Amino acid sequence: MRRRVSGTATVPSSSIDLRRGTPTLALPFAVVAVIGLITVLLPPYDGPWWVIGLAVLVLGLSALVFFASRLRGRRSWLDPLAAYLLFPYAALLHDAAGAGAGGSSSGMTALLLLPILWLAITGTPHQLWVASALAVLTFAVPIVLVGPPGYSWGDWRRAVVWCAVALVIAPVLQRIVRDLVRQSRRVRIANDRVERLFDDAPHGVALLDPVGTIIRVNVSMSVMVGLEPVDMVGHRLGAFETPGEDRIQDHLGRLMFRRGESHSTECRLRDSGGNDVNVSLSSTVVSDSEMGDIVMVNVVDISDRRRYLDRLSHLADHDVLTGLANRRRFETELERHLDHCRRHGPSGALLLLDLDNFKQVNDSLGHNAGDQLLVVIAGLLRRSIRSTDVVGRLGGDEFAILLTDADQADAARVAELVVERVRTHAATLDGVARRVTASVGAVTFRAASEHAADALALADMTMYDAKEAGRNQVAVLTEGDVRGPRTSARLHWQSRIEAALENDRFELHLQPIMNIADGRISSAEVLLRLRDQDELVPPARFIYIAERVGLMPRVDAWVVDKSLELLARLRREHDPEFEFEVNLSGHSIGSTEIESVIVSSLATHGVDPSALILEITETAAVGDVALARDFAERMTDLGCAFALDDFGAGFGSFYYLKHLFFDYVKIDGEFVAHVHESQVDRTIMRSIVGIARDLGKRTVAEFVSSQEILDVCREEGVDFAQGYLIGKPVPYDEFVERFMPSATAVARG
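Residues numbered from 1 in each chain as written. Predicted model: local features only at pLDDT ≥ 70, side-chain atom pairs only at ≥ 80, totals over all residues. Heavy atoms only, no water.

**Student:** A description of the side chain of Arg529 should follow, citing residues and the corresponding values.
**Tutor:** Tracing the backbone through its elements, the reader meets Arg529 in strand β12 (residues 520-532). Buried within the structure, Arg529 lacks any salt-bridge partner; its nearest side chain of opposite charge belongs to Glu507, at an N-O separation of 7.8 Å. Ignoring sequence-local partners within four residues, the contact set of Arg529 consists of Arg505, Phe506, Glu507, His509, Leu536, Val537, Pro538, Pro539 and Pro729. (Helix = DSSP H or I, 4+ residues; strand = E, 2+ residues; numbered from the N terminus. Buried < 20%, exposed > 50% of the residue type's maximum accessible area, 1.4 Å probe, protein only. Lys, Arg positive; Asp, Glu negative; His and termini not counted. Salt bridge = Lys/Arg side-chain N within 4 Å of Asp/Glu carboxyl O. Contact = heavy atoms within 4.5 Å.)

Given below as structure tokens:
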């Protein structure tokens, strides 16, 4: 704990009022006056005793008047009176010195300078006029009252001279004194200002000698280290640095080596409580004629800024929710380990973990419950590895573990431990969270080198082997088994997808969507197929692989461009108001590649943006709601429409409806397939339609497979219907032939 700092003692400089005089200023005048009195008491002067006694009385009265004036709070008539009394005092000593015994002059006339000089320093021009008159009276009164031979008429000449001194020379002296007073006041004010700037500076300031010894510090500097200023003076500034560091001495060395420049550095000071304070030093050398070179150091506490920067650095490499390494940091550590493997041979293992049924937690219990579960799982993973291993959250409910020194058996053991701990913890929870388990794929770097494939991609695919095997278990890519049937199959699918993109082997099928109000086929959903030799592969078999290996943005770009090409042809040849719904993967949301393809394809094919409806599923939106919102906002500004697919399937649907831009809500087939038989499904459909209508959105019912379902949809106010009753997905030419003339016959039932 820091000691209390009282601060530097600042004595306010009292401004001397020369117009009132001070005892210090009056002392020389009093000494001269007393010397004059003593002089007339010594031979050869032999004046009357009563004259000398009267002079003593007048001098004492002058002193009493002076001190009485000092007791008053402000200037008054007493202030010049003490000086005026010195005129009769000078006249009496003048008389006692022989002027009244027939002498025409005496040395005591010089005492008239005392009141004149005093009033020149402390008085006003008006008081100098009075002094001039009194100087004349000092000589005139004895001439008039005593007369010759004691006082000759020639004393008038001396009266005139002393009057001139009072009227001419004294004002000049007065102006000189006033100028000196003003200049000294300016200097004093400037010094006081500098002192206040130094003492009251919001940051620390220290003055050092060339070797770094403290000459003076201000309050802020002393508070920074928790000591009194007097306790710091005389010590080296480096003595207050954190032990083990020597940055201050290096800083001063560079500064003295290059004196004409200002130097800055950062270091840490240790305060009296043992706490480290991050500071920034900015120093310069100031030359002083009396003290020589002085180093002025500005010390700024940057602890808050340092903590902020450290926090930013931490956030750049760590997941905000769990505190684990994020994907960027984990991939950096993985690349560092791969470099080690390339130099010293493959070692260690990589585990990829995905939580089973986690989406149900978000949908049923809300995102807060899901986030809390992720935090707990992160803690379980930390406790399952060594300090030399790395665990990170790659995104969503996906985690990765890098075992820097492990063989295949070690990797399998850690993976089994993780699965067991997740299962055990979930068993203590209530509701849907009890069903949360973990599927782990484990790959040693030796196995990855045998397959000549990316370790992270292999671990990802091996993890899906665990999921397909029933979840809640571990799948290990065995070393030496170059076939790896399931994983190799996925690697083969990756090459098939890439070949399909390069050789244009994808096909688009169209499924009609009917406007229930008029029975017209007004739009169609674009569905992707892969032509592999004689087989037409549905997307369920390859989409998730494309997502896992990062090919989905390229696939979506192909779909968007080909869809707009077909849409332009259909609108030009058959229906100028026809619309297409095109699905986008969550991996493509926010992709600059997709956005540029949408913009360029709309322009290339001359399609009105309002005819393109971009369809996003909840699983795509849940990954990053803010990203999805920004993407939807930009596309909406472009003129495109949006549809939220599978609406109602989970708790989060209404959350997405609130925070995202959507024009169409596609009711999940779970609530449509049996709506004609289930009152619960019908009630849910009615609620969804009501909410959508209140929000100004239109609804599409999926899985409309019978006339009964279509009738219920019509009764509940659904706007569009899609399903096998309306039509199955077919190639473009067949779609035009079957659905473009009219579909009203189906609507009549």
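**Student:** Let's hear about the packing of helix α1 (residues 23-41) against helix α4 (residues 86-96): which residues, and what values?
**Tutor:** The description of two packed helices rests on the angle between their axes and on the distance between the axes. Running from N to C, α1 and α4 point in directions that differ by 25°, and their axes come no closer than 9 Å. Comparing the axis directions of α1 and α4 gives the class roughly parallel. In this structure, the crossing between α1 and α4 has a hand that is left-handed. Counting all contacts with α1, which are made through Ala33, Val34, Gly36, Leu37 and Val40, the residues of α4 involved are Tyr89, Leu93 and Ala96. Across the contact of α1 with α4, the residue classes tally to seven nonpolar, one polar and no charged. (Axes fitted to C-alpha atoms, helices over the stretch in contact; angles between N-to-C directions. Parallel < 35°, antiparallel > 145°, perpendicular 65-115°, else oblique. Left-handed = near helix turned anticlockwise from the far one by under 90°. Nonpolar A, V, L, I, M, F, W, Y, C, P; charged D, E, K, R; others polar.)

**Student:** Residues and numbers for the pairing of strand β11 (residues 506-515), please.
**Tutor:** By the criterion of burial, β11 is predominantly enclosed, with nine of the ten residues buried. Relative to β12, β11 runs antiparallel, the two sharing ten bridges. From the neighbouring strand, Asn515 faces β12, where its bridge partner is Arg520. The antiparallel pairing of β11 with β12 creates a hairpin that spans four residues between the two strands, and Gly519 there sits at a positive phi of about 75°. Bridge analysis of β11 against strand β20 (residues 730-731) gives two bridges, and the strand direction is antiparallel. For His509, the partnering residue across the bridge sits in β20 and is Pro731. (Pairing = 2+ DSSP bridges.)

**Student:** Provide a residue-level description of the side chain of Ser588, including the pertinent values.
**Tutor:** Tracing the backbone shows Ser588 in the loop between β14 (579-584) and α21 (592-605). A relative accessible area of 0% means that Ser588 is categorised as buried. At 2.5 Å, the side chain of Ser588 and the side chain of Asp556 are in polar contact. Once residues within four sequence positions are removed from consideration, Ser588 is found in contact with Met552, Pro553, Asp556 and Ile594. (Polar contact = N/O pair within 3.5 Å; in protein donor to acceptor, adjacent residues only side chain to side chain.)

**Student:** A description of the packing of aromatic side chains should follow, citing residues and the corresponding values.
**Tutor:** Per the stated rule, a full pass over the model turns up ten aromatic pairs. On the numbers, 5.9 Å between centres and 75° between planes, the contact of Phe66 with Trp118 is edge-to-face. Here Phe66 is found in helix α2 (residues 49-71), whereas its partner Trp118 is found in helix α5 (residues 113-122), with 52 residues between them in sequence. The class of Phe66 is buried, set by a relative accessible area of 9%. With a relative accessible area of 6%, Trp118 lands in the buried category. Between Phe578 and Phe580 the ring centres are 6.0 Å apart and the planes differ by 85°, which places this aromatic pair in the edge-to-face class. Each member of the pair Phe578 and Phe580 is classed as buried. A network of ring pairs unites the aromatic residues Phe29, Phe66, Phe67 and Trp118 as a single cluster. The ring of Tyr724 is capped by Lys728, whose NZ or CZ atom sits 5.1 Å from the centre of that ring. (Phe/Tyr/Trp six-rings, centres within 6.5 Å; stacked < 30°, edge-to-face > 60°. Lys NZ or Arg CZ within 6 Å of the ring centre and 35° of its normal.)

**Student:** Account for the pattern of salt bridges, naming residues and giving values.
**Tutor:** Where charged atoms from two side chains of opposite charge approach closely, those side chains can pair. According to the stated counting rule, one finds 30 salt bridges in the structure shown. The closest approach of N and O atoms between Glu333 and Arg329, which form a salt bridge, is 3.1 Å. A residue pair is termed a helical-turn pair when its members lie 3 or 4 positions apart in one helix, as Glu333 and Arg329 do in helix α12 (residues 327-344) at four residues. In this structure, the salt-bridge partner of Arg634 is Glu595, at a minimum N-O distance of 2.6 Å. On the criterion of sequence distance, the pair formed by Arg634 in helix α23 (residues 625-638) and Glu595 in helix α21 is long-range, its members being 39 residues apart. One network of salt bridges, in which partners are shared, links Glu525, Glu581, Glu615, Lys666 and Glu702.

**Student:** Which residues make up unusual backbone geometry, and what values go with them?
**Tutor:** For Asn472, which is not glycine, the phi dihedral falls at a positive 60°. Inspection of the secondary structure assignment puts Asn472 in the loop between α17 (455-468) and β10 (474-477). By relative accessible area, which is 24% here, Asn472 ends up partly exposed. Positive phi, close to 60°, is recorded for Phe703, a residue that is not glycine. Along the chain, Phe703 falls in the loop between β18 (698-701) and α26 (707-715).

The values are spatial; any link to function lies outside them.
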